[in-house]
Amino acid sequence: MIYTKIHTLEIELSSSCNAGCCVCPRYIQHNDGLYLNPHADLNQHLTADVIRDVVTGFPTANNLKVDLIGTVGDPLSNKNIVELVDTIVTHKPDCIMQIHTNGSLRNPKTFSQLAELMPYHGQRKIVFSFDGLEDTNHLYRKNVNWSRAIANAEAFISAGGNAMWKMVKFNHNKHQIQEAKKLALTLGFKRFQTSANQSPDNLIDRIIVNKENILTMHKRPPTLADGYEDDDPKELVDPGTIIEAQCEIGQYVHVRADGLVFPCCMVAGSMVDPTEWIRKDSMDLMQLPGDWNNLYKRSFSDIMYSKEWSAIKNNYDSDTPCYVCADNCAVDHDKANKAYHVR
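Residues numbered from 1 in each chain as written. Predicted model: local features only at pLDDT ≥ 70, side-chain atom pairs only at ≥ 80, totals over all residues. Heavy atoms only, no water.

## Observations regarding the nonpolar core
One recurring pattern in soluble globular proteins is that nonpolar side chains are buried together.
Phase 1: Counting residues in each nonpolar core, the largest one holds 82 residues, and the members touching the most others are W165, F189, F300 and W309.
Phase 2: At 6 residues, helix 5 (residues 146-158) tops the list of elements feeding residues into this core.
Phase 3: With residues near it in sequence (within four places) discarded, F300 still touches I6, L9, D53, V54, G57, F58, V253, V261 and L295.
Phase 4: Within the second largest apolar cluster, 15 residues are counted, among which are C22, L34, V144 and F170. (Core = buried A, V, L, I, M, F, W, Y, C linked by side-chain atoms within 4.5 Å. Buried < 20%, exposed > 50% of the residue type's maximum accessible area, 1.4 Å probe, protein only. Helix = DSSP H or I, 4+ residues; strand = E, 2+ residues; numbered from the N terminus. Contact = heavy atoms within 4.5 Å.)

Structure (structure tokens):
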């Protein structure tokens, strides 16, 4: 048994997205192309029934935090987004909630409806991921329509919604931080926040040429004919590695858009990693293939109380823990932005 009361529910409402962000797990970046990841199911959407089961099926903290975010998708890709948010706040009226979006999906009406469920005076907000201004946001967030994103944000704010502007700092946009902050305040955003780029700078810098993103998007996976092959060498976990499992310490659970339940987004994301040995390592952690953690096959309560869920702790407490657990939760890991699920 890993949990007593869940403090944070991270829910991926949809695995669809309109953006072409080059380091997103939905894609594989190879040479000057951005290809579909064949291991990611990109068209899954959670239902209200599943959400209801998740928020009512296991004890939760009084100040439950609900993060609507995507491993490979944008929550606004789910056409029933308003119904799903309403389901959550109906059953957990005191929850702290945030929705993360690029802002360009749906329309002002949808955002106005969400504002009614996420008023400024409450503990709910939409985090708009705007990485720069009109001339730079699309350089990383390829295919995102700036005008539409701003119109949706304005509609949300005008209807009384609590909006936050989150900007990832890149070499191509860091000169605009103060200007973006000023615009955010003018538009009525209640908070402006910057965060470090967690990917190597050269991975982003090399695709920005003459102020344009040079990657060509392909609606297919890469092949040997493209010069692509999975040849990443296997990395081993150092002997004696100690895991400070954020899932356990922070009582945190991740629900993927296909209804599978994971201890965290890192494990969920590693299940679609282009590198085979990473996928296999995480499948071993999750005792997959199988349906034991599938919300369309079992209730959330059954999953949380199952022997399989308890076995996850046995893995990360062992002398040979899962690589993804060690990479993200080892006591000496050096990630740019440490997991914030513990509070």
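## Digging into a negative patch on the surface
Phase 1: Side chains of E229, D230, D231, D232, E235 and E276 sit close together on the surface and give a patch of like negative charge.
Phase 2: With respect to the helices, strands and loops of the structure, E276 is situated in helix 10 (residues 276-285). (Patch = residues over 30% accessible without salt bridge, like charges linked within 9 Å, V, L, I, M, F, W, Y side chains within 5 Å. Areas by Shrake-Rupley, 256 points an atom, 1.4 Å probe, with all protein chains shown as cover. Salt bridge = Lys/Arg side-chain N within 4 Å of Asp/Glu carboxyl O. Lys, Arg positive; Asp, Glu negative; His and termini not counted. Charge placed at Lys NZ, Arg CZ, Asp CG, Glu CD.)

## Examining the sheet that holds strand 11 (residues 216-217)
Phase 1: Ordered in space as 2-3-11, the 3 strands form an open sheet in which the pairing is mixed. Unpaired on one side and paired on the other, strand 2 (27-30) and strand 11 mark the two borders of the sheet.
Phase 2: Relative to strand 11, strand 3 (residues 33-36) runs parallel, the two being bridged by 2 bridges. Bridge pairing in strand 11 places L34 opposite M217. (Pairing = 2+ DSSP bridges.)

## Comments concerning the confidence of the model for the protein chain
Phase 1: Here the protein chain averages 93 in pLDDT, and 96% of its residues register 70 or above.
Phase 2: With pLDDT under 50 throughout, residues 336-343 is counted as low confidence; its partners more than four residues away or in other chains account for 22 contacts. (pLDDT = per-residue confidence, 0-100.)

## Quick notes on the environment of S318
Phase 1: Mapped onto the fold, S318 is located in the loop between helix 12 (307-316) and helix 13 (323-329).
Phase 2: We classify S318 as partly exposed; its relative accessible area is 25%.
Phase 3: Considering only alpha carbons, one finds S318 and I96, 222 residues apart in sequence, at a separation of 34 Å.
Phase 4: A polar contact is formed between the side chain of S318 and the backbone nitrogen of T320, at a distance of 3.2 Å. (Polar contact = N/O pair within 3.5 Å; in protein donor to acceptor, adjacent residues only side chain to side chain.)

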